[in-house]
Amino acid sequence: MRALQFTRYGGPDVIEWGEAEDPHARPGQIRVAVRAASVNPIDWKRFSGAMAGGKPMSGTGYLGYDAAGVVDEVGENVTGVSAGDDVWGLGQNTHAEYAVLSSWAAKPPSVDWAVAAAAAVTGETSERVLRLLDVASGDTVFIDGGAGGVGSVAVQMAVARGATVIASAGESNQDYLREVGAVPVLYGKGVVDRVRAAARGAVSAVLDVVGKTPVEDLISLAPQPSKVVTIANFAAGDTGVRVTSGAADMQPMAALAQVGELLADNRLVLKVQTFPFDRADEAFRISQSGHLRGKLVLVP
Ligand SMILES: NC(=O)c1ccc[n+]([C@@H]2O[C@H](COP(=O)([O-])OP(=O)(O)OC[C@H]3O[C@@H](n4cnc5c(N)ncnc54)[C@H](OP(=O)(O)O)[C@@H]3O)[C@@H](O)[C@H]2O)c1
């Protein structure tokens, strides 16, 4: 099969769409013939070497953490899914013709392959952070960075829980924030005052998606530091805010089921831009720019 891969660290030009060994489903896993897989910032953080801790590259690196596709191999101890089923979910090395998923949900027939792939990492992350913040009906939530992948999904999932959502974006994405159900504010200097003015009352919880606003400013908006969760500022842990990177906090099967229902009901709508796998470098360049509306998705 073919897969995106890299053997040295660098920019998107280090990525090749080349031959790789077929993966196989181990116990508890399934394999899919990939119909779409999304681009996440962690992909370019990996091939740029930013996550290597200064160590030199060794071997071949593969990319991708989610996919939508048709099941063609079912591992031991897996029930409720069969070869030929359409699914979407989370895995590793999913930027490939075949990929192994460790968590999945049935793809609603009305949901496009690219949209399903785009909803996996973003949906699981959003479910996790909204659960950690205990977001409920009547809350007012500030989402810093609401127009990108995680942000646009988290806004809609918080609205689906009955919360009022204030979200930040650049000038060009203010209308998009309104479209997904948020009260828009501009990010950058003065954002705290703009959020206070938009909230017309107390802010119940803050989600830091991008990690660019000083954490003290975000804490000043919340009732207490533990009502701030960040997925991008890994230096913020000693301030009392909750830093989550997955693993221990994840409930992926339940999260995907919940996200799938919202997708099927049109209560979660994702804006996607697709690129063929052999033009992935173009998608990675856009992702690296840090100014996105919705999701970038790769297709065979
Ligand atoms: N810890 C975890 O479990 C976890 C899970 C998933 C993702 N992440 C991380 O979370 C981050 C976001 O991921 P993503 O997929 O949502 O990224 P993305 O799709 O690339 O979104 C980036 C968004 O950030 C906004 N932005 C840029 N500068 C900003 C600023 N100064 N203040 C507020 N917003 C700003 C942009 O808005 P404009 O376009 O309007 O400028 C853009 O919409 C990445 O660092 C990713 O690695 C962590």
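Treat the numbers as computed from the prediction; the structure is a model and nothing was measured.

### Re the overall build of the protein chain
Within the protein chain, the secondary structure is distributed over eight helices and 15 strands. Compactness check: the protein chain gives a C-alpha radius of gyration of 19 Å against a globular reference of 19 Å for 300 residues, within 12% of the reference. In terms of overall dimensions, the protein chain has a C-alpha envelope of 55 × 40 × 35 Å along the principal axes. Taken across its 300 residues, the protein chain has 52% of its residues classed as buried.

### Some words on the site of the ligand
In the vicinity of the ligand there are 26 residues, among which K45, G170, Y187, T244 and H291 approach most closely. Between an oxygen atom of the ligand and a side-chain N or O atom of K45, the distance comes to 2.7 Å. Between an oxygen atom of the ligand and a main-chain N or O atom of V150, the distance comes to 2.9 Å. Starting from 940 Å² of accessible surface for the ligand in isolation, the protein chains cover 88%. Contributing elements (two or more residues each) for the shell around the ligand: α1 (41-47), α2 (113-132), α3 (149-160) and β9 (164-169). By residue class, the composition of the shell around the ligand is ten nonpolar, twelve polar and four charged.

### Re helix α7 (residues 252-264)
Under the 1.5 Å per step criterion, the end-to-end length of α7 is 18 Å for 13 residues, consistent within 8% with the ideal 18 Å. Every buried residue of α7 is accounted for by P252, A255, L256, V259, G260, L262 and L263. For α7, the angular spread of the buried residues around the axis is 160 degrees, confining them to a single face. Tucked inside the fold, the buried residues of α7 contact β6 (86-92), β7 (98-106), α2 and α3.

### Focus: the nonpolar core
W88, I143, L207, L263 and L270 are the most contacted members of the largest nonpolar core, which totals 49 residues. Of all elements in the fold, only β6, α2, β8 (140-144), α3, β9, α4 (174-179), β11 (205-208) and α7 reach the threshold of two or more residues within this core. Counting residues per element, this core draws most heavily on α2, at eleven residues. Both of domain 1 (2-123 + 248-299) and domain 2 (125-245) provide at least three residues apiece to this core. Ignoring any residue separated from it by four or fewer positions in sequence, one finds I143 in contact with G151, A154, V155, V165, I166, A167, S168, L207 and V209.

### Digging into the domain arrangement of the protein chain
With domains assigned, the protein chain is organised as domain 1 (2-123 + 248-299) and domain 2 (125-245). Between domain 1 and domain 2, the C-alpha centre-to-centre distance is 25 Å. Facing the 20 residues of domain 1 at the interface are 22 residues of domain 2. Approximately 1800 Å² of surface area, both sides summed, lies buried where domain 1 meets domain 2, with 48% of it carried by carbon and sulfur atoms. Broken down residue by residue, the surface that domain 1 buries against domain 2 is led by T122, D249 and R293, which jointly contribute 31%. Applying the counting criterion to the domain 1 and domain 2 interface returns one salt bridge. Where D249 meets R242, a salt bridge forms, and the shortest distance between an N and an O atom there is 3.0 Å. Our enumeration of links across domain 1 and domain 2 arrives at 15 residue pairs in polar contact (both at pLDDT 80 or more). Put simply, the parts of the chain that give the side of domain 1 that touches domain 2 at least two residues each are α2 and α7. The element contributing the most residues to the side of domain 1 that touches domain 2 is α7, with four residues.

### Concerning helix α8 (residues 280-289)
Every buried residue belonging to α8 is among A280, A283, F284 and S287, and all of these are buried. Mapping the buried residues of α8 onto a view down its axis gives an arc of 100 degrees, with all of them on the same face. For α8, the secondary structure elements touched by its buried residues are β1 (2-6), α1, β14 (272-276) and β15 (295-299). One or two residues past the end of α8 sits G290, with phi positive at roughly 80 degrees.

### Here's the deal with the pattern of salt bridges
Per the counting criterion, the structure on display carries nine salt bridges. With its nearest N and O atoms 2.8 Å apart, the salt bridge here joins R31 to D72. A residue pair is termed long-range when its members are at least 10 positions apart, and R31 in strand β3 (residues 30-38) and D72 in strand β5 (residues 66-74) qualify at 41 residues. Assessed through its relative accessible area of 9%, R31 is described here as buried. The exposure class of D72 is partly exposed, given its relative accessible area of 32%. Across the salt bridge formed by D175 and R178, the nearest N and O atoms sit 2.5 Å from each other.

How each quantity is defined
Residues numbered from 1 in each chain as written. Predicted model: local features only at pLDDT ≥ 70, side-chain atom pairs only at ≥ 80, totals over all residues. Heavy atoms only, no water. Helix = DSSP H or I, 4+ residues; strand = E, 2+ residues; numbered from the N terminus. Rg over C-alpha atoms; globule rule 2.2 N^0.38 Å. Buried < 20%, exposed > 50% of the residue type's maximum accessible area, 1.4 Å probe, protein only. Near = heavy atom within 4 Å. Polar contact = N/O pair within 3.5 Å; in protein donor to acceptor, adjacent residues only side chain to side chain. Areas by Shrake-Rupley, 256 points an atom, 1.4 Å probe, with all protein chains shown as cover. Nonpolar A, V, L, I, M, F, W, Y, C, P; charged D, E, K, R; others polar. Expected span 1.5 Å × (residues − 1). Arc of directions from axis to C-beta. Contact = heavy atoms within 4.5 Å. Core = buried A, V, L, I, M, F, W, Y, C linked by side-chain atoms within 4.5 Å. Domains from an automatic or database assignment. Buried area = accessible area lost by both parts, 1.4 Å probe. Salt bridge = Lys/Arg side-chain N within 4 Å of Asp/Glu carboxyl O.

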